[in-house]
Amino acid sequence: GENVEQHPSTLSVQEGDSAVIKCTYSDSASNYFPWYKQELGKGPQLIIDIRSNVGEKKDQRIAVTLNKTAKHFSLHITETQPEDSAVYFCAASNANDGGSNYKLTFGKGTLLTVNP
Amino acid sequence: ETGVTQSPTHLIKTRGQQVTLRCSSQSGHNTVSWYQQALGQGPQFIFQYYREEENGRGNFPPRFSGLQFPNYSSELNVNALELDDSALYLCASSTVPADTQYFGPGTRLTVL
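Report on the accompanying structure. Per chain, residue numbering runs from 1 following the sequence as it is written. Here the convention is simple: chains get letters from A, ligands get numbers from 1, in the order in which they are written. Residue-level local features of this predicted model are given only where pLDDT is at least 70; pairs of side-chain atoms are given and counted only at 80 or more, and the full residue set underlies all totals for whole chains, interfaces and linings. Water and hydrogen atoms were dropped before computing side-chain values, which therefore reflect all heavy atoms in the structure.

## Let's talk about the overall build of chain B
In this text, helices come from DSSP runs of H or I with a minimum length of four residues, and strands from runs of E with a minimum of two, each type numbered from the N-terminal end. Along its length, chain B carries zero helices and eleven strands. If you list the helices and strands of chain B from N to C, you get β-β-β-β-β-β-β-β-β-β-β. Throughout, radius of gyration means the C-alpha value; the globule benchmark is 2.2 Å times the number of residues raised to the power 0.38. Computed over the C-alpha atoms, the radius of gyration of chain B is 13 Å, within 12% of the 13 Å expected from 2.2 N^0.38 for a compact globule of 112 residues. Along the first, second and third principal axes, the C-alpha set of chain B runs to 40 × 25 × 25 Å. When a residue's accessible area, from a 1.4 Å probe over protein chains only, is under 20% of the maximum for its type it is buried; when over 50% it is exposed; and in between it is partly exposed. Relative to its full complement of 112 residues, chain B shows a buried share of 52%. Contacts are assigned to residue pairs with any non-hydrogen atoms lying within 4.5 Å of each other. Across chain B, every contact between residues at least 6 apart in sequence was considered, and the portion connecting residues at least 24 apart equals 54%. Surface accessibility in these figures is a Shrake-Rupley result with a 1.4 Å probe; residues are shielded only by whichever protein chains are displayed. Summing over all exposed atoms, chain B offers an accessible surface of approximately 5,200 Å²; the carbon and sulfur share of this is 48%.

Now the structure itself:
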């Protein structure tokens, strides 16, 4: 089955700096890669996702890049703000599976702290 | 548009008991997936329901079972609770099984 590794497990940055979180996946059939932000006591909130037919996607201060050959994808947050502090999870799935395998496989998470 | 809702928020049970968790999907979504999130870990897929049928299952024993109703809401049932079942249980809904999954706030289950 799919295995997703996420690094680093913790990341501390100064407000205004950039933050980068990296993930690798094992199953070459995976083609959908969402990123979720989870604040304390809440469920994961989708912040951006990318499908394997594109290499990069950007939404304001957030961008995701995908390298299918190397099987890794990254989340980039620019101009970080204290409210960006949370746990971030990457995930992977095969959204084209004609059977019943649309599960998301998650990384273990990155605790991002943005210091004012 | 109402998002995904879950009930109850918190639950305390003792080992060997049974528990039922509930999830209402987002408007327009007919697929519900359930995940277990242990402390400090990423969510683990339990199973998915689509049009009232189980549509995929993760590595969880049969004592984890579910239902989906005609209005697409769903239940997760866990029998013979074990201490390791203590976790945050998350429900996610999507328009179809392969589409983006939106999560609810979760139910925190503590097994004593």
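## Considerations on the interface of chain B and chain A
Contacts between chain B and chain A engage 21 residues on the former and 20 residues on the latter. A simple way to read buried area is as the amount of 1.4 Å-probe accessible surface that goes missing from two parts once joined, with both sides added. Buried area between chain B and chain A, summed over both chains or domains, comes out near 1,500 Å², and the portion from carbon and sulfur atoms is 56%. Any Lys or Arg side-chain nitrogen found within 4 Å of a carboxyl oxygen on Asp or Glu counts as a salt bridge. If you look at where chain B meets chain A, you find one salt bridge. Residue A:Arg51 is joined to B:Asp99 by a salt bridge in which the shortest nitrogen-to-oxygen separation is 3.8 Å. For the purposes of these results, a polar contact is taken to be a pair of N or O atoms within 3.5 Å, where, inside protein, one atom must be able to donate a hydrogen and its partner to accept one; residues adjacent in sequence count only when each atom of the pair is a side-chain atom. For the pair chain B and chain A, the number of links is five residue pairs in polar contact (both at pLDDT 80 or more). When residues of the side of chain B that touches chain A are traced back to their parent elements, those giving at least two are β4 (31-37), β5 (44-50), β6 (53-57), β9 (87-94) and β10 (102-103) of chain B. When the residues that make up the side of chain B that touches chain A are grouped by side-chain class, the tally is ten nonpolar, ten polar and one charged. Gly counts as polar in this scheme, as do all residues outside two lists: the nonpolar Ala, Val, Leu, Ile, Met, Phe, Trp, Tyr, Cys and Pro, and the charged Asp, Glu, Lys and Arg.

## Some words on the pattern of salt bridges
Counting across every chain of the model gives nine salt bridges over all chains. Here the salt bridges do not stand alone but share partners, grouping A:Lys37, A:Glu39 and A:Lys42 into one network.

## Structural notes on the nonpolar core
Take the buried Ala, Val, Leu, Ile, Met, Phe, Trp, Tyr and Cys residues and link them wherever side-chain atoms come within 4.5 Å; each set so joined is a nonpolar core. Grouped together as the largest cluster of nonpolar side chains are 24 residues, with contacts concentrated most on A:Trp35, A:Phe73, A:Leu75, A:Tyr88 and A:Leu112. Of all the secondary-structure elements, those providing two or more residues to this core are β2 (10-14), β3 (19-25), β4 (32-38), β5 (45-51), β7 (62-67), β8 (72-77), β9 (86-92) and β11 (110-115) of chain A. Apart from residues lying up to four places away in sequence, A:Leu112 is in contact with A:Leu11, A:Val13, A:Ala19, A:Ile77, A:Asp84, A:Ser85, A:Ala86 and A:Tyr88. Core analysis: the next-biggest nonpolar cluster, separate from the first, contains 20 residues, B:Val4, B:Leu21, B:Tyr49 and B:Cys91 among them.

## A few points about the sheet that holds strand β1 (residues 4-7) of chain A
As a general point, the strands of a sheet are linked pairwise by backbone hydrogen bonds and lie either parallel or antiparallel. Residues and elements named next belong to chain A. What makes two strands pair is DSSP finding at least two bridges between them. Reading across from one edge, β1-β3-β8-β7-β6 is the order of the five strands in this open sheet, with antiparallel pairing throughout. If you trace the sheet from one side to the other, it starts and ends with β1 and β6 (56-59), each paired once. The mean angle between the axes of side-by-side strands here comes to 15°, regardless of whether they run parallel or antiparallel. The pairing of β7 with β8 spans six bridges and is classified as antiparallel. Of the residues in β8, the one forming a bridge with Leu66 is Phe73. Working convention: axes come from line fits to C-alpha atoms, limited for helices to the stretch in contact. Angles between N-to-C directions cover 0 to 180 degrees.

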